[in-house]
Amino acid sequence: MTIMKMEETAVVWTMLQSDLRPIQDVLSDFNSKFPRSRYLPVCSSLSMLLQDPMILRSTDRLIAFAIMHQCYSSVKPSLNPFISEMINAACNEQAEKYERAFLLHLFQWNSFNNAKEILKLSAVDYIKTFDPKTDDFPELGELQREYGNKADGPSSHMFADYAIKKLLHDPDVPRGCDPNSPEFDVQPGGNTKIGSGDRNEAVCGILGSLTMGGLAPRWIRPCPPRFPVHQSELLWIDPDNKHELVWDDKMCADTSRGATVRDLLVKGLKVTLSPTEQEDITTALANDPKLVYHCGITPRKLPQLVERNPQIAVEIITKLINSPEIVDSCKYGDEPAFDGSCKQAHNCS
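Now for a quick tour of the structure.

## Structural notes on a nonpolar patch on the surface
1) Next: Together, Val229, Leu235 and Ile237 make up an exposed nonpolar region whose accessible area comes to about 330 Å².
2) Next: With respect to the helices, strands and loops of the structure, Leu235 is situated in the loop between α10 (199-209) and α11 (259-268).
3) Next: Given the relative accessible area of 59%, Leu235 is considered exposed.

## Focus on the packing of helix α4 (residues 58-71) against helix α6 (residues 97-107)
Packed helix pairs are characterised by how far apart their axes lie and by the angle those axes make with each other.
1) Next: With their axes 11 Å apart at the nearest point, α4 and α6 run at an angle of 15° to one another. With respect to their mutual orientation, α4 and α6 come out roughly parallel. Here α4 and α6 pass one another in a crossing that is right-handed. Contact residues: α4 offers Ser58, Arg61, Leu62, Phe65, Ala66 and His69, while α6 offers Tyr98, Glu99, Phe102, Leu103 and Leu106.

## Points about the packing of helix α12 (residues 275-287) against helix α14 (residues 310-320)
1) Next: At a minimum axis separation of 10 Å, α12 and α14 run at an interaxial angle of 15°. Taken together, α12 and α14 sit at an angle that is classed as roughly parallel. Judged by the twist between their axes, the crossing of α12 over α14 is left-handed. Taken together, the residues of α14 that come into contact with α12 (itself represented by Gln278, Ile281, Thr282 and Leu285) are Gln311, Ile312, Glu315, Ile316 and Lys319.
2) Next: Here the residues of the contact of α12 with α14 are counted per class, giving four nonpolar, three polar and two charged.

## Examining the packing of aromatic side chains
1) Next: By the definition in use, this model includes six aromatic pairs.
2) Next: With a centroid separation of 6.1 Å and an interplanar angle of 50°, the aromatic rings of Tyr126 and Phe130 are classed as tilted.
3) Next: Since its relative accessible area comes to 4%, Tyr126 is described here as buried.
4) Next: On the accessibility criterion, Phe130 (16% relative accessible area) is buried.
5) Next: One aromatic cluster is present, built from ring pairs that chain together Tyr98, Phe102, Tyr126 and Phe130.
6) Next: A cation sits over an aromatic face here: Arg100 above Phe137, 4.3 Å from the ring centre.

## Some words on helix α3 (residues 39-50)
1) Next: Over its 12 residues, α3 runs 16 Å from end to end, which matches the ideal 16 Å to within 8%, given 1.5 Å per residue.
2) Next: Buried residues dominate α3, accounting for 11 of its 12 residues.
3) Next: For α3, the full list of buried residues reads Tyr39, Pro41, Val42, Cys43, Ser44, Ser45, Leu46, Ser47, Met48, Leu49 and Leu50.

## Points about the pattern of salt bridges
Pairs can form between side chains of opposite charge whenever their charged atoms are close.
1) Next: For the structure shown, the criterion picks out seven salt bridges.
2) Next: One salt bridge connects Asp29 with Arg21, and the closest N-O pair in it is separated by 3.7 Å.
3) Next: Classification of Arg21 as partly exposed rests on a relative accessible area of 33%.
4) Next: A salt bridge links Arg61 to Glu99, with the nearest nitrogen and oxygen atoms 2.9 Å apart. Residue Arg61 is found in helix α4, and its partner Glu99 is found in helix α6; the two are separated by 38 residues along the sequence.
5) Next: Judged by relative accessible area, Glu99 falls into the buried class, the value being 5%.
6) Next: What emerges from the salt-bridge pattern is a single network uniting Arg21, Asp29 and Lys33.

## Some thoughts on the nonpolar core
1) Next: Among the nonpolar cores identified, the biggest contains 54 residues, and Phe102 and Phe107 are the most heavily contacted of them.
2) Next: Broken down by secondary-structure element, the contributors of at least two residues to this core are α1 (6-16), α2 (23-33), α3, α4, α5 (83-90), α6, α7 (115-119) and α8 (123-129).
3) Next: Top contributing element to this core by residue count: α4, with eight residues.
4) Next: Phe107 has contacts with Ile83, Met86, Ile87, Ala90 and Tyr147, leaving out every residue within four places of it along the chain.
5) Next: Membership of the second largest hydrophobic core comes to 20 residues, among which are Leu285, Ile297, Ile312 and Ile317.

## Focus on the state of the cysteines
1) Next: Tallied over the entire structure, the rule returns zero disulfides.
2) Next: Counting only cysteine sulfurs, Cys71 is the nearest neighbor of Cys43, a cysteine outside any disulfide, at a range of 3.6 Å.
3) Next: By relative accessible area, Cys71 is classed as buried at 3%.

## Quick word on the environment of Asn309
1) Next: With respect to the element layout, Asn309 can be found in the loop between α13 (302-308) and α14.
2) Next: When its relative accessible area of 1% is taken as the criterion, Asn309 is described as buried.
3) Next: With near-sequence residues (within four places) excluded, Asn309 lies in contact with Gly268, Val271, Thr272, Leu273 and Gln278.
4) Next: There is a polar contact of 2.8 Å between the side chain of Asn309 and the backbone nitrogen of Leu273.

## Observations concerning the side chain of Arg38
1) Next: Among the structural elements, Arg38 can be located in the loop between α2 and α3.
2) Next: Of note is the side chain of Arg38, whose polar atom sits 2.9 Å from the side chain of Glu8.
3) Next: Beyond its immediate stretch of four places on either side in the chain, Arg38 contacts Ile3, Met4, Lys5 and Glu8.

Definitions and cut-offs
- Residues numbered from 1 in each chain as written.
- Predicted model: local features only at pLDDT ≥ 70, side-chain atom pairs only at ≥ 80, totals over all residues.
- Heavy atoms only, no water.
- Patch = residues over 30% accessible without salt bridge, like charges linked within 9 Å, V, L, I, M, F, W, Y side chains within 5 Å.
- Areas by Shrake-Rupley, 256 points an atom, 1.4 Å probe, with all protein chains shown as cover.
- Salt bridge = Lys/Arg side-chain N within 4 Å of Asp/Glu carboxyl O.
- Helix = DSSP H or I, 4+ residues; strand = E, 2+ residues; numbered from the N terminus.
- Buried < 20%, exposed > 50% of the residue type's maximum accessible area, 1.4 Å probe, protein only.
- Axes fitted to C-alpha atoms, helices over the stretch in contact; angles between N-to-C directions.
- Parallel < 35°, antiparallel > 145°, perpendicular 65-115°, else oblique.
- Left-handed = near helix turned anticlockwise from the far one by under 90°.
- Contact = heavy atoms within 4.5 Å.
- Nonpolar A, V, L, I, M, F, W, Y, C, P; charged D, E, K, R; others polar.
- Phe/Tyr/Trp six-rings, centres within 6.5 Å; stacked < 30°, edge-to-face > 60°.
- Lys NZ or Arg CZ within 6 Å of the ring centre and 35° of its normal.
- Expected span 1.5 Å × (residues − 1).
- Core = buried A, V, L, I, M, F, W, Y, C linked by side-chain atoms within 4.5 Å.
- Disulfide = S-S within 2.5 Å.
- Polar contact = N/O pair within 3.5 Å; in protein donor to acceptor, adjacent residues only side chain to side chain.

And the structure:
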């Protein structure tokens, strides 16, 4: 999106070309054709053109500076958003002396206090009557201190000083052509093709195509410091995910524990065991209290064991009486069988 409208571009360019009219008349014409709300876009476009000393002619530059100063003459100079550009131009030793003196007259700086008389002249007449011996120019720091912090440091208007502006097409070179091509070499008896175009048309086209686009440097800001945790706040806890491997001691455990006892008990469900076999079962159960849970005897098998080997049944019932297995069995219908086995084992013992 362009900064200025097409009709505004034509009006501004006509005013910049009015180098034979008194500058104050040009300023009055500007105030009558542009409302205050359009001052900033117009001055922004002029500011961009003034950045390159080759775009505008000397008289055009004087009128542009006068417009930028006139738009904000009702406020303090330090509140002019373009005061930085104007101060830098007034202190630029590479610029023409008449341009620097013209800006100082606009500022009413010391002996440069004839702004009203100068604005009555045209831009051409001012340059002709300027005394080139003038050399009482202030330093940059003096003007910056005079107009406050507004003029100190980078530019204060909407465009970043260090943004890469969009490249503009050279009006003298057809699009898609190489400017270094032999086609554009000067022919004997002819005029150069490059640089012979309509300068006014080119500058007017630039003025109408200026946009706020550009590749500005990224504004990198450091991370703000972390505030201390208040007592009323929840403390964020970062869990430690560094886990260590722990060896499982139960892996590869001996599963053959009680195999002999299980075999004897399976036999005891069918026949009466010998005293030696009964003693082996009793000793094994006494040495390993948990063996009773792995011997394979359930409440349903207890009646058979009570019938043929009541002493072994008493040992097993005594150890299983408070176990969860017995409690669960009673819940699911094995309670009569278990009670009957307990009474039968008690009678037999």
